[in-house]
Amino acid sequence: GMPTIPPRPLAQRRKSRQIVVGRGDKAVPVGGDAPVSVQSMTTTVTADVNATLQQIAELTAAGCQIVRVAVPSQDDADALPIIAKKSQIPVIADIHFQPKYVFAAIDAGCAAVRVNPGNIKKFDDKVKEIAQAASDAGVPIRIGVNAGSLDPRLLKKYGRPTAEALVESALWEASLFEEHGFRDIKISVKHNDPVVMINAYRMLAEQCDYPLHLGVTEAGPAFQGTIKSAVAFGALLAEGIGDTIRVSLSAPPVEEVKVGIAILEALGLRERGLEIVSCPSCGRAQVDVYKLAEEVTAGLEGLKVPLRVAVMGCVVNGPGEAREADLGVASGNGKGQIFVKGEVVKTVPESKIVETLIEEALKIAEEMEAA
Ligand code: SF4
């Protein structure tokens, strides 16, 4: 078999109640013992049905499991039935102000609705009706607290959107639904500062058993947003907190999905696909490690089997790492020693390293698929 190293288990998962987003073959359980799911949000105008469905298809192909669409206008609400029907993954309607769009989304067959507590007061008298309609349709609700749109009452009480303020806001709104017997809820308490965000989710995790949707809001452009999300989600998921994740980037949503999946893979919460174990290179390197790692990554992109490929610059750590991987190369003297499952299978000139690795990887992949 594969010489994979079993991951050190993370903290036991927090016990959350489970909700189900979507129906039938589109159902995605969130919470309980369900695997942590990855979601994203479309950037198209929702009313532009073709563009929105096209983007949802791209997200689905990238591995997105749940998608959210913004519903700021009646035109958007009108587009929901066809989007909910044609999307291959559950569609959540994101609604900030208008209760009428909540009812429209439920009628449209959306898998869930996200509402914002900063605005719930404005439709306080509608909470009962929303709870009733959602309950009748079996549609869960996400209470999405966001530092930027915190309830003015709490902003006044705490002075700024602190972790305590976010949690109080979320639990208060949950209580409005609970009063009507509605508990089909998941919660998010997002902040752009990972430290505040981590503290908020820790507190929330202790005070309720609702499944939690993790997010660092307005995390920034791709590099910064990736770091912030990886650090914050990593800390929480390592403690067993978090049931579904959304990485927010000022970048195309497909990038959010890739980052989200990579975070789960890095934590061992999801089976890895291709993993390149490459060294940072140093003064001992006898080959251009960056170029080699990039070429191997590009050559193997899209491989569907879990495969760990070591790309090492010299013979110091090279053979050791290459032996632990499914496949690897240790370079030296203008040559590459190619390892397969710990054994040197051949030594090739530097110019043949990439093509040999790709060849061997495809062979292993074929064997894995046949097995
Ligand atoms: Fe340096 Fe060799 Fe280690 Fe790469 S494998 S970092 S080249 S010592």
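Residues numbered from 1 in each chain as written. Predicted model: local features only at pLDDT ≥ 70, side-chain atom pairs only at ≥ 80, totals over all residues. Heavy atoms only, no water.

Trainee: If you had to explain the overall build of the chain to someone new, which residues and values would you point to?
Mentor: On a plain count of helices and strands, the chain comes out with 12 helices and 15 strands. Projected onto its principal axes, the C-alpha positions of the chain cover 75 × 40 × 35 Å. Counting only residues that meet the buried cut, the chain has 51% of its 371 residues in that class. Looking at the chain alone, contacts between residues at least 24 apart form 63% of all its contacts between residues at least 6 apart. Here the chain displays about 16700 Å² of accessible surface, and carbon together with sulfur accounts for 52% of that area. Each charge class in the chain was averaged separately, 40 positive and 46 negative side chains, and the resulting centres sit 3 Å apart. (Helix = DSSP H or I, 4+ residues; strand = E, 2+ residues; numbered from the N terminus. Buried < 20%, exposed > 50% of the residue type's maximum accessible area, 1.4 Å probe, protein only. Contact = heavy atoms within 4.5 Å. Areas by Shrake-Rupley, 256 points an atom, 1.4 Å probe, with all protein chains shown as cover. Lys, Arg positive; Asp, Glu negative; His and termini not counted. Charge placed at Lys NZ, Arg CZ, Asp CG, Glu CD.)

Trainee: Please set out unusual backbone geometry residue by residue, giving values where relevant.
Mentor: Backbone geometry at Asn-333 places phi at a positive 60 degrees, although glycine is not the residue there. Looking at the element boundaries, Asn-333 is found in the loop between strand 13 (327–332) and strand 14 (335–340). Assessed through its relative accessible area of 70%, Asn-333 is described here as exposed. Residues other than glycine seldom take positive phi values, yet Lys-341 does so here, at roughly 45 degrees.

Trainee: Quick rundown of the environment of Pro-90? Include the residues and the values.
Mentor: Inspection of the secondary structure puts Pro-90 in the loop between helix 2 (74–86) and strand 5 (91–95). Taking relative accessible area as the criterion, Pro-90 reaches 4% and is therefore assigned buried. Along the sequence, Pro-90 and Met-203 sit 113 residues apart, while their C-alpha atoms lie 29 Å from each other. Setting aside residues up to four positions removed in sequence, Pro-90 forms contacts with Val-21, Gly-22, Lys-26, Val-28, Gln-65, Ile-66, Val-67 and Ala-111.

Trainee: Talk me through the pairing of strand 13; I want residue IDs and the actual numbers.
Mentor: Taken across its six residues, strand 13 has six buried, putting it largely inside the fold. Judged by which residues are buried, strand 13 turns out to be covered on both faces: Leu-327, Val-329 and Ser-331 on one side and Gly-328, Ala-330 and Gly-332 on the other are all buried. Of the strand pairs in this sheet, strand 12 (residues 307–312) and strand 13 are connected by four bridges, and their pairing is parallel. Bridged to Ala-310 within strand 13 is Gly-328. Each parallel crossover has a hand, and the one from strand 12 via helix 11 (residues 318–324) to strand 13 is right-handed. Sheet topology places strand 13 next to strand 14; six bridges connect them, and they run antiparallel. Its bridge partner being in strand 14, Gly-332 is matched across the sheet by Lys-335. The hairpin formed by strand 13 and strand 14 contains two residues between the paired strands, and Asn-333 there has a positive phi angle of roughly 60 degrees. (Pairing = 2+ DSSP bridges. Right-handed = clockwise from strand over helix to strand, strands pointing away.)

Trainee: Give me the lowdown on the site of the ligand, citing residues and values where you can.
Mentor: In the region of the ligand, the neighbouring residues are Cys-279, Pro-280, Ser-281, Cys-282, Arg-284, Ala-285, Met-312, Gly-313, Cys-314 and Asn-317. A breakdown of the residues in the shell around the ligand according to their chemical character gives six nonpolar, three polar and one charged. (Near = heavy atom within 4 Å. Nonpolar A, V, L, I, M, F, W, Y, C, P; charged D, E, K, R; others polar.)

Trainee: I'd love a proper account of the sheet that holds strand 12, names of residues and values included.
Mentor: Strands pair in a sheet through their backbones, by hydrogen bonds, and they do so in one of two ways: parallel or antiparallel. Strand order in the open sheet formed by five strands is 11-12-13-14-15, and the pairing between neighbours is mixed. Unpaired on one side and paired on the other, strand 11 (274–278) and strand 15 (343–349) mark the two borders of the sheet. If you compare each strand with its neighbour and ignore which way they point, the axes differ by 20 degrees on average. (Axes fitted to C-alpha atoms, helices over the stretch in contact; angles between N-to-C directions.)

Trainee: Run through the packing of aromatic side chains, naming residues and quoting values.
Mentor: All chains considered together, the criterion is met by one aromatic pair. Aromatic side chains Phe-177 and Phe-182 sit 5.8 Å apart centroid to centroid with 55 degrees between the ring planes, which places their arrangement in the tilted category. Here Phe-177 matches Phe-182 in class, with each residue buried. Residue placement shows Arg-153 over the ring face of Trp-172; its charged tip is 4.8 Å from the ring centre. (Phe/Tyr/Trp six-rings, centres within 6.5 Å; stacked < 30°, edge-to-face > 60°. Lys NZ or Arg CZ within 6 Å of the ring centre and 35° of its normal.)

Trainee: Could you give an account of the nonpolar core, naming the residues involved and the relevant values?
Mentor: By size, the foremost hydrophobic cluster in this structure holds 76 residues, and its most contacted members are Phe-177, Ile-187, Met-197 and Phe-233. Sorting elements by how many residues they give to this core places helix 6 (residues 163–178) first, with eight residues. The contacts of Met-197, once residues within four sequence positions are left out, are Val-189, His-191, Leu-214, Gly-215, Val-216, Ala-232, Phe-233 and Leu-236. The next biggest cluster of nonpolar side chains, apart from the first, holds 30 residues, and it includes Val-309, Ala-310, Val-340 and Val-348. (Core = buried A, V, L, I, M, F, W, Y, C linked by side-chain atoms within 4.5 Å.)

Trainee: Quick rundown of the UniProt feature "binding site: [4Fe-4S] cluster" (unreviewed entry) in the chain? Include the residues and the values.
Mentor: Per the UniProt record, "binding site: [4Fe-4S] cluster" (unreviewed entry) is annotated on Cys-279, Cys-282, Cys-314 and Glu-321. One can find Cys-282 in the loop between strand 11 and helix 10 (289–300). Structurally, Cys-314 can be placed in the loop between strand 12 and helix 11. Overall, the relative accessible area of 13% leaves Cys-314 in the buried class. The contact partners of Cys-314, leaving out residues within four places of it in the chain, are Arg-284, Ala-285, Pro-319, Ala-330 and Ser-331. (UniProt positions renumbered as here; feature names shortened; annotations may be inferred.)

Trainee: Tell me about the sheet that holds strand 9 (residues 213–214), and please be specific about residues and values.
Mentor: Strand order in the open sheet made by the eight strands is 8-7-6-5-4-3-10-9, with parallel pairing throughout. The open sheet has two free edges, formed respectively by strand 8 (185–190) and strand 9, since each of these has just one partner strand. Bridging between strand 9 and strand 10 (residues 244–246) involves two bridges; their strand directions are parallel. Pairing of Leu-214 across the sheet is with Ile-245, part of strand 10.

Trainee: Could you give an account of the packing of helix 1 (residues 49–62) against helix 2, with specific residues and numbers?
Mentor: Their axes nearest at 10 Å, the elements helix 1 and helix 2 cross at an angle of 25 degrees. By the angle between their directions, the pair helix 1 and helix 2 is classed as roughly parallel. Taken as a pair, helix 1 and helix 2 cross one another with a handedness that is right-handed. Residues Val-49, Thr-52, Leu-53 and Ile-56 of helix 1 touch helix 2, and the partners they reach there are Ala-79, Ile-82, Ile-83 and Lys-86. Taken together, the residues of the contact of helix 1 with helix 2 break down into six nonpolar, one polar and one charged. (Parallel < 35°, antiparallel > 145°, perpendicular 65-115°, else oblique. Left-handed = near helix turned anticlockwise from the far one by under 90°.)

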